Amino acid sequence: MSATLLASISRLSLPLHQQHQLFLKQLPTRLQPLSRPLFLNPTIIARHKHSMTPNDNFALPVPTKADAKVLAEASRSTNSTYQFLYFPMHGRGELTRTLLVFSGAKWEELPLDLSVQKQQLPFKLIPILYETAPDGTILELAESHAIERYLATKYGLYGSDPYSTHKIDQIYTSTDFANQLFWQRVRWAPLDQRIEEAHKFYDEILPPYIANHEAQLEKNGGNGYYFGESITLADLKSAHFIDRVLFMRPKGAKEPPFSNEKSPNLWKVLQRVNGHPAMTAWKKTQRYRDLDAGSLNFFQF
Ligand SMILES: N[C@@H](CCC(=O)N[C@@H](CS)C(=O)NCC(=O)O)C(=O)O
(Lines give C-alpha, C1' and ligand atoms only; values in the text may rest on other atoms or scores of the structure.)
Protein backbone atom coordinates (compact mmCIF):
# COMPACT_ATOMS: atom_id res chain seq x y z
CA MET A 1 0.00 0.00 0.00
CA SER A 2 1.44 3.38 -0.96
CA ALA A 3 2.37 5.95 1.70
CA THR A 4 -0.11 8.43 0.19
CA LEU A 5 -2.96 5.94 0.38
CA LEU A 6 -2.06 5.06 3.95
CA ALA A 7 -2.00 8.75 4.88
CA SER A 8 -5.44 9.29 3.29
CA ILE A 9 -6.97 6.33 5.11
CA SER A 10 -5.62 7.37 8.50
CA ARG A 11 -6.87 10.93 7.89
CA LEU A 12 -10.39 9.67 7.18
CA SER A 13 -10.66 8.11 10.62
CA LEU A 14 -10.22 11.52 12.28
CA PRO A 15 -12.99 14.02 13.14
CA LEU A 16 -13.69 16.37 10.25
CA HIS A 17 -11.90 19.44 11.61
CA GLN A 18 -8.79 17.41 12.33
CA GLN A 19 -8.89 15.92 8.84
CA HIS A 20 -8.98 19.42 7.45
CA GLN A 21 -6.07 20.54 9.60
CA LEU A 22 -4.05 17.56 8.56
CA PHE A 23 -4.91 18.17 4.95
CA LEU A 24 -3.59 21.69 5.25
CA LYS A 25 -0.39 20.52 6.90
CA GLN A 26 0.14 18.07 4.05
CA LEU A 27 -0.10 20.71 1.35
CA PRO A 28 3.15 20.96 -0.56
CA THR A 29 5.01 24.06 0.59
CA ARG A 30 5.30 25.31 -2.98
CA LEU A 31 1.57 26.06 -2.86
CA GLN A 32 2.05 28.40 0.05
CA PRO A 33 1.39 31.23 0.58
CA LEU A 34 -2.11 30.90 -0.83
CA SER A 35 -2.04 33.94 -3.04
CA ARG A 36 -4.11 32.58 -5.92
CA PRO A 37 -7.82 31.80 -6.05
CA LEU A 38 -8.67 28.26 -5.14
CA PHE A 39 -10.37 27.54 -8.43
CA LEU A 40 -7.12 28.18 -10.29
CA ASN A 41 -5.35 25.62 -8.22
CA PRO A 42 -6.31 22.10 -9.33
CA THR A 43 -3.65 20.47 -7.18
CA ILE A 44 -5.29 21.81 -4.05
CA ILE A 45 -8.69 20.70 -5.26
CA ALA A 46 -7.57 17.20 -6.11
CA ARG A 47 -6.12 16.83 -2.64
CA HIS A 48 -9.03 18.44 -0.84
CA LYS A 49 -10.67 15.18 0.02
CA HIS A 50 -12.49 14.64 3.23
CA SER A 51 -15.56 12.88 4.44
CA MET A 52 -17.92 12.94 7.37
CA THR A 53 -17.29 9.29 8.22
CA PRO A 54 -14.73 6.80 6.97
CA ASN A 55 -17.45 4.91 5.07
CA ASP A 56 -18.94 7.75 3.13
CA ASN A 57 -19.83 7.30 -0.45
CA PHE A 58 -19.73 10.46 -2.47
CA ALA A 59 -22.76 9.83 -4.68
CA LEU A 60 -24.74 13.01 -5.20
CA PRO A 61 -28.53 13.32 -5.29
CA VAL A 62 -29.92 13.01 -8.80
CA PRO A 63 -31.97 16.07 -9.81
CA THR A 64 -35.45 15.20 -11.01
CA LYS A 65 -36.02 15.49 -14.73
CA ALA A 66 -39.54 16.79 -15.10
CA ASP A 67 -41.39 19.49 -16.92
CA ALA A 68 -41.17 23.08 -15.75
CA LYS A 69 -44.55 22.99 -13.97
CA VAL A 70 -43.52 20.13 -11.70
CA LEU A 71 -40.21 21.81 -10.85
CA ALA A 72 -41.92 25.15 -10.25
CA GLU A 73 -44.38 23.51 -7.89
CA ALA A 74 -41.55 21.82 -5.99
CA SER A 75 -39.72 25.13 -5.67
CA ARG A 76 -42.76 26.67 -3.96
CA SER A 77 -42.59 24.20 -1.07
CA THR A 78 -41.50 25.71 2.21
CA ASN A 79 -41.40 22.25 3.70
CA SER A 80 -38.43 20.93 1.71
CA THR A 81 -35.30 19.30 3.07
CA TYR A 82 -31.83 20.26 1.86
CA GLN A 83 -28.39 18.81 1.31
CA PHE A 84 -25.44 21.12 0.96
CA LEU A 85 -22.14 20.46 -0.76
CA TYR A 86 -19.22 22.69 0.16
CA PHE A 87 -15.80 22.74 1.82
CA PRO A 88 -15.66 22.44 5.63
CA MET A 89 -15.21 26.19 6.06
CA HIS A 90 -17.45 29.24 5.73
CA GLY A 91 -16.27 30.79 2.47
CA ARG A 92 -18.90 30.94 -0.23
CA GLY A 93 -21.12 28.63 1.79
CA GLU A 94 -21.59 30.88 4.77
CA LEU A 95 -24.71 32.79 3.82
CA THR A 96 -26.47 29.72 2.41
CA ARG A 97 -25.90 27.85 5.66
CA THR A 98 -27.24 30.86 7.58
CA LEU A 99 -30.32 31.06 5.37
CA LEU A 100 -30.99 27.38 5.96
CA VAL A 101 -30.65 27.98 9.68
CA PHE A 102 -32.97 31.01 9.52
CA SER A 103 -35.57 29.12 7.48
CA GLY A 104 -35.76 26.43 10.14
CA ALA A 105 -35.51 23.84 7.34
CA LYS A 106 -34.04 20.40 7.84
CA TRP A 107 -30.64 20.29 6.16
CA GLU A 108 -27.39 18.40 6.20
CA GLU A 109 -23.96 18.58 4.64
CA LEU A 110 -22.97 16.09 1.95
CA PRO A 111 -19.57 14.39 2.06
CA LEU A 112 -17.25 16.13 -0.38
CA ASP A 113 -14.75 14.70 -2.79
CA LEU A 114 -14.45 16.92 -5.81
CA SER A 115 -12.24 14.48 -7.63
CA VAL A 116 -15.29 12.21 -7.81
CA GLN A 117 -18.11 14.76 -7.87
CA LYS A 118 -16.85 17.72 -9.87
CA GLN A 119 -17.91 16.55 -13.31
CA GLN A 120 -21.51 16.13 -12.16
CA LEU A 121 -21.82 19.73 -10.99
CA PRO A 122 -23.54 22.17 -13.35
CA PHE A 123 -20.64 24.67 -13.36
CA LYS A 124 -18.07 22.21 -11.93
CA LEU A 125 -17.91 24.34 -8.79
CA ILE A 126 -19.30 24.38 -5.26
CA PRO A 127 -21.39 25.36 -3.33
CA ILE A 128 -24.34 23.30 -4.53
CA LEU A 129 -27.63 22.88 -2.72
CA TYR A 130 -30.03 19.99 -3.34
CA GLU A 131 -33.61 20.55 -2.35
CA THR A 132 -36.03 17.69 -1.88
CA ALA A 133 -39.67 18.77 -1.94
CA PRO A 134 -42.28 16.78 0.01
CA ASP A 135 -43.39 15.02 -3.21
CA GLY A 136 -39.83 13.71 -3.68
CA THR A 137 -38.84 16.09 -6.50
CA ILE A 138 -35.16 16.98 -6.25
CA LEU A 139 -33.96 20.41 -7.39
CA GLU A 140 -30.29 21.17 -7.95
CA LEU A 141 -29.29 24.74 -7.08
CA ALA A 142 -25.93 26.19 -8.13
CA GLU A 143 -23.97 29.48 -7.82
CA SER A 144 -23.74 30.87 -4.30
CA HIS A 145 -25.49 34.18 -4.93
CA ALA A 146 -28.29 32.57 -6.89
CA ILE A 147 -28.77 30.02 -4.10
CA GLU A 148 -28.87 32.78 -1.48
CA ARG A 149 -31.44 34.80 -3.41
CA TYR A 150 -33.51 31.68 -4.04
CA LEU A 151 -33.67 30.77 -0.35
CA ALA A 152 -34.27 34.39 0.68
CA THR A 153 -37.19 34.58 -1.78
CA LYS A 154 -38.70 31.35 -0.51
CA TYR A 155 -38.42 32.27 3.13
CA GLY A 156 -39.65 35.87 2.91
CA LEU A 157 -36.32 37.68 3.33
CA TYR A 158 -36.16 39.28 -0.10
CA GLY A 159 -38.97 41.83 -0.29
CA SER A 160 -42.56 41.53 -1.37
CA ASP A 161 -42.56 43.57 -4.59
CA PRO A 162 -40.00 44.36 -7.30
CA TYR A 163 -38.98 47.68 -5.73
CA SER A 164 -38.46 46.39 -2.19
CA THR A 165 -36.54 43.44 -3.66
CA HIS A 166 -34.44 45.86 -5.64
CA LYS A 167 -33.68 47.94 -2.53
CA ILE A 168 -32.56 44.83 -0.66
CA ASP A 169 -30.50 43.82 -3.68
CA GLN A 170 -28.77 47.21 -3.72
CA ILE A 171 -27.46 46.59 -0.22
CA TYR A 172 -26.62 42.98 -1.02
CA THR A 173 -24.67 43.98 -4.13
CA SER A 174 -22.93 46.92 -2.51
CA THR A 175 -21.79 44.73 0.39
CA ASP A 176 -20.82 41.96 -1.97
CA PHE A 177 -18.55 44.34 -3.84
CA ALA A 178 -16.77 45.30 -0.62
CA ASN A 179 -16.61 41.64 0.35
CA GLN A 180 -14.98 40.66 -2.92
CA LEU A 181 -12.34 43.32 -2.37
CA PHE A 182 -11.76 41.88 1.09
CA TRP A 183 -11.21 38.44 -0.42
CA GLN A 184 -8.94 39.60 -3.19
CA ARG A 185 -6.86 42.05 -1.20
CA VAL A 186 -6.71 40.60 2.28
CA ARG A 187 -7.66 36.93 2.30
CA TRP A 188 -5.63 36.04 -0.74
CA ALA A 189 -2.79 38.48 -0.06
CA PRO A 190 0.65 36.90 0.08
CA LEU A 191 1.29 36.24 3.77
CA ASP A 192 4.12 38.76 4.06
CA GLN A 193 1.89 41.56 2.68
CA ARG A 194 -1.29 40.71 4.48
CA ILE A 195 -1.10 43.22 7.34
CA GLU A 196 -0.27 46.04 4.96
CA GLU A 197 -3.15 45.03 2.67
CA ALA A 198 -5.53 44.76 5.62
CA HIS A 199 -4.62 48.28 6.74
CA LYS A 200 -5.18 49.63 3.25
CA PHE A 201 -8.53 47.88 3.17
CA TYR A 202 -9.53 49.33 6.57
CA ASP A 203 -8.33 52.86 5.69
CA GLU A 204 -9.32 53.17 2.04
CA ILE A 205 -12.12 50.75 1.18
CA LEU A 206 -14.11 50.55 4.38
CA PRO A 207 -14.63 54.28 5.23
CA PRO A 208 -16.76 55.09 2.15
CA TYR A 209 -18.59 51.76 2.52
CA ILE A 210 -19.34 52.57 6.15
CA ALA A 211 -20.41 56.17 5.41
CA ASN A 212 -22.83 55.05 2.70
CA HIS A 213 -24.31 52.21 4.70
CA GLU A 214 -24.63 54.28 7.86
CA ALA A 215 -26.66 56.79 5.81
CA GLN A 216 -28.86 54.04 4.33
CA LEU A 217 -29.53 52.66 7.78
CA GLU A 218 -30.25 56.13 9.16
CA LYS A 219 -33.06 56.44 6.60
CA ASN A 220 -34.76 53.53 8.37
CA GLY A 221 -34.44 55.30 11.71
CA GLY A 222 -31.16 53.67 12.75
CA ASN A 223 -33.07 50.73 14.26
CA GLY A 224 -30.54 48.09 13.21
CA TYR A 225 -32.49 46.94 10.15
CA TYR A 226 -32.00 48.20 6.61
CA PHE A 227 -35.72 47.99 5.92
CA GLY A 228 -38.73 47.96 8.18
CA GLU A 229 -38.45 46.13 11.44
CA SER A 230 -37.18 42.73 10.52
CA ILE A 231 -34.15 40.97 9.10
CA THR A 232 -33.88 40.67 5.33
CA LEU A 233 -31.19 39.34 3.03
CA ALA A 234 -29.64 42.83 3.18
CA ASP A 235 -29.05 42.59 6.93
CA LEU A 236 -27.73 39.05 6.69
CA LYS A 237 -25.31 39.93 3.91
CA SER A 238 -23.85 42.99 5.65
CA ALA A 239 -23.70 41.30 9.06
CA HIS A 240 -21.77 38.40 7.54
CA PHE A 241 -19.36 40.74 5.84
CA ILE A 242 -18.65 42.63 9.07
CA ASP A 243 -18.38 39.39 11.00
CA ARG A 244 -15.80 38.04 8.56
CA VAL A 245 -13.74 41.23 8.48
CA LEU A 246 -13.59 41.19 12.28
CA PHE A 247 -12.93 37.46 12.46
CA MET A 248 -10.29 37.34 9.75
CA ARG A 249 -8.07 40.11 11.06
CA PRO A 250 -4.47 39.17 10.29
CA LYS A 251 -2.39 38.65 13.42
CA GLY A 252 -0.66 41.93 14.23
CA ALA A 253 -3.07 44.08 12.19
CA LYS A 254 -4.93 46.96 13.81
CA GLU A 255 -8.66 46.81 14.53
CA PRO A 256 -10.98 47.21 11.54
CA PRO A 257 -13.23 50.29 11.76
CA PHE A 258 -16.37 48.35 12.69
CA SER A 259 -17.54 49.18 16.20
CA ASN A 260 -20.34 50.82 18.13
CA GLU A 261 -18.40 54.10 18.04
CA LYS A 262 -17.17 54.05 14.44
CA SER A 263 -20.13 52.49 12.64
CA PRO A 264 -23.06 52.50 15.10
CA ASN A 265 -25.82 51.61 12.64
CA LEU A 266 -23.90 48.77 11.02
CA TRP A 267 -22.93 47.59 14.47
CA LYS A 268 -26.61 47.36 15.37
CA VAL A 269 -27.23 45.26 12.24
CA LEU A 270 -24.49 42.89 13.35
CA GLN A 271 -26.04 42.67 16.83
CA ARG A 272 -29.53 42.09 15.38
CA VAL A 273 -28.34 39.23 13.19
CA ASN A 274 -25.98 37.62 15.68
CA GLY A 275 -28.56 38.09 18.43
CA HIS A 276 -31.32 36.32 16.49
CA PRO A 277 -32.08 33.06 18.36
CA ALA A 278 -31.49 30.90 15.28
CA MET A 279 -28.12 32.52 14.69
CA THR A 280 -27.08 32.41 18.33
CA ALA A 281 -27.86 28.70 18.47
CA TRP A 282 -26.06 28.02 15.16
CA LYS A 283 -22.93 29.87 16.27
CA LYS A 284 -22.75 27.75 19.40
CA THR A 285 -22.68 24.45 17.52
CA GLN A 286 -19.51 22.40 17.14
CA ARG A 287 -20.13 22.42 13.40
CA TYR A 288 -19.98 26.22 13.31
CA ARG A 289 -16.75 26.20 15.31
CA ASP A 290 -15.30 23.65 12.91
CA LEU A 291 -16.21 25.89 9.99
CA ASP A 292 -14.48 28.81 11.75
CA ALA A 293 -11.39 26.67 12.23
CA GLY A 294 -11.59 25.51 8.61
CA SER A 295 -11.64 29.10 7.36
CA LEU A 296 -8.76 30.21 9.59
CA ASN A 297 -6.68 27.20 8.68
CA PHE A 298 -7.38 27.34 5.01
CA PHE A 299 -6.47 31.00 4.69
CA GLN A 300 -3.64 30.60 7.17
CA PHE A 301 -4.86 33.31 9.53
N1 LIG B 1 -19.38 31.92 -8.87
C2 LIG B 1 -19.28 30.72 -8.11
C3 LIG B 1 -17.85 30.50 -7.69
C4 LIG B 1 -17.72 29.17 -7.02
C5 LIG B 1 -16.29 28.79 -6.71
O6 LIG B 1 -15.31 29.42 -7.16
N7 LIG B 1 -16.16 27.75 -5.94
C8 LIG B 1 -14.87 27.24 -5.55
C9 LIG B 1 -14.80 27.10 -4.05
S10 LIG B 1 -15.14 28.59 -3.21
C11 LIG B 1 -14.73 25.84 -6.12
O12 LIG B 1 -15.69 25.16 -6.41
N13 LIG B 1 -13.51 25.39 -6.27
C14 LIG B 1 -13.29 24.06 -6.67
C15 LIG B 1 -12.68 23.92 -8.05
O16 LIG B 1 -12.36 24.92 -8.69
O17 LIG B 1 -12.51 22.77 -8.45
C18 LIG B 1 -20.19 30.82 -6.87
O19 LIG B 1 -20.30 31.92 -6.32
O20 LIG B 1 -20.79 29.82 -6.48
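Scroll up a little and you will see the structure.
On a predicted model such as this, the values are computed, not experimentally measured, just so you know. Every chain begins its residue count from 1, and numbering advances along the sequence as written. Per-residue local features of the predicted model are confined to residues with pLDDT of at least 70, and side-chain atom pairs are confined, for both listing and counting, to 80 or more; whole-chain, interface and lining totals are unaffected and use all residues. Think of the side-chain values as coming from all heavy atoms in the structure, minus any hydrogens and water.

Student: What exactly am I supposed to notice about the side chain of glutamate 148 here?
Tutor: With respect to the element layout, glutamate 148 can be found in helix 7 (residues 144–154). Whenever two N or O atoms come within 3.5 Å, that pair is a polar contact, provided that in protein one can donate a hydrogen and the other can accept it, and provided that, for residues adjacent in sequence, both atoms are side-chain atoms. Of the polar contacts made by the side chain of glutamate 148, one reaches the side chain of tyrosine 172; its length is 2.4 Å. If we ignore the near neighbours within four places in the chain, the residues touching glutamate 148 are Arg92, Leu95, Thr96, Leu99, Tyr172, Leu233 and Lys237. Under the scheme used here, helices are H or I runs from DSSP no shorter than 4 residues and strands are E runs no shorter than 2 residues, and both carry numbers assigned from the N terminus. Throughout, a residue-residue contact means that at least one pair of heavy atoms, one from each residue, lies within 4.5 Å.

Student: I'm lost on the environment of glycine 159 in this one. Help?
Tutor: Here glycine 159 is to be found in the loop between helix 7 and helix 8 (162–187). Residue burial is assigned from relative accessible area. The probe radius is 1.4 Å, only protein chains are included, and a residue is buried under 20% of its type maximum, exposed over 50%, and partly exposed in between. We classify glycine 159 as partly exposed; its relative accessible area is 40%. It is 8.8 Å that separates the C-alpha atoms of glycine 159 and leucine 233, two residues lying 74 residues apart in sequence. Residues within four places of glycine 159 in sequence aside, it is in contact with Ser164, Thr165 and Ile168.

Student: How do you make sense of the pairing of strand 3 (residues 106–109) when you look at a structure like this?
Tutor: As a general feature of sheets, a regular strand has side chains that alternate between the two faces. Alignment of strand 2 (residues 81–85) against strand 3, held across four bridges, turns out to be parallel. Looking across to strand 3, one finds that glutamine 83 is bridged to glutamate 108. Handedness of the β-α-β unit built from strand 2, helix 5 (residues 94–103) and strand 3 comes out right-handed. Pairs of strands are assigned from DSSP output, requiring at least two bridges between the strands. When the strands point away from the viewer, a crossover counts as right-handed if the path from the first strand over the helix to the second runs clockwise.

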